[in-house]
Amino acid sequence: MRDLDELRPLTAGRLLELWRQCREAEDPLERVLLCNGRILAECCFFQGEQIYGDETEVLADLTGRQMDRLLRRLAEGGPEDRRSPAETVNPEFDAARFAALWRE
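My aim in this report is to walk through the structure given alongside it, one point at a time.

Reading the values: the criteria
Residues numbered from 1 in each chain as written. Predicted model: local features only at pLDDT ≥ 70, side-chain atom pairs only at ≥ 80, totals over all residues. Heavy atoms only, no water. Helix = DSSP H or I, 4+ residues; strand = E, 2+ residues; numbered from the N terminus. Buried < 20%, exposed > 50% of the residue type's maximum accessible area, 1.4 Å probe, protein only. Contact = heavy atoms within 4.5 Å. Areas by Shrake-Rupley, 256 points an atom, 1.4 Å probe, with all protein chains shown as cover. Core = buried A, V, L, I, M, F, W, Y, C linked by side-chain atoms within 4.5 Å. Expected span 1.5 Å × (residues − 1). Arc of directions from axis to C-beta.

## Re the overall build of the chain
Each helix and strand in the chain was counted, giving six helices and three strands. Ordered by position from the N terminus, the helices and strands of the chain form the series β-α-α-β-β-α-α-α-α. Here the chain, with 104 residues, has 25% of them falling under the buried criterion. Within the chain, contacts between residues at least 6 apart in sequence are counted, and of these 56% link residues at least 24 apart. If you sum the accessible surface of the chain, you get close to 7600 Å²; carbon and sulfur atoms cover 51% of it.

Here's what the structure looks like:
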């Protein structure tokens, strides 16, 4: 797997466009792999540069599991989600009360 330091999400419109481009593949597995490869080719960056030229390079470099992990990180915002920890914590959460309720 090539070095990667940034995943740039695509717009919903671009995702739809990539999916439509892969419709010519009749086999569902082939269609999914090609589309996911195209998505990752456009989203994976290292030091500001795109690391894959196209889906063929992605498919030659990554395993299915690696592709799945990257796509999940992309979908969930992963480590590239630059929110601070303070923004991801509920300020109203009472850990002591939660622990007490958990024990009941």
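## A word on the environment of Ile-39
In this fold, Ile-39 is placed in helix α2 (residues 28-43). Remark: the alpha-carbon pair of Ile-39 and Leu-10, spanning 29 residues in sequence, is separated by 7.9 Å. The residues touching Ile-39, leaving out its near neighbours within four places in the chain, are Leu-10, Leu-15, Leu-18 and Leu-71.

## Topic: the nonpolar core
Within the largest apolar cluster, 19 residues are counted, with the highest numbers of intra-cluster contacts made by Ile-39, Leu-40, Cys-44, Tyr-52, Val-58, Leu-62 and Leu-70. For this core, the elements supplying multiple residues, two or more each, are α2 and α4 (64-76). Per element, the largest residue contribution to this core is six residues, and it comes from α2. With residues up to four places along the chain from it excluded, the contact list for Leu-40 reads Tyr-52, Val-58, Leu-62, Met-67, Leu-70, Leu-71 and Leu-74.

## Quick look at α4
Because an α-helix completes one turn every 3.6 residues, residues spaced three or four positions apart along the sequence face the same direction. For α4, with 13 residues, the first-to-last C-alpha span of 18 Å sits near the 18 Å given by 1.5 Å per residue. Of the positions making up α4, those classed as buried are Gln-66, Met-67, Leu-70, Leu-71 and Leu-74. Buried residues in α4, looked at end-on, bunch into an arc of 130°, giving them a common side. Across from the buried face of α4, at angles greater than 90 degrees, the exposed residues are Arg-65, Arg-69, Ala-75 and Glu-76. Looking at the buried positions of α4, the neighbouring elements they touch are β1 (6-7), α2, β2 (44-46) and α3 (55-61).

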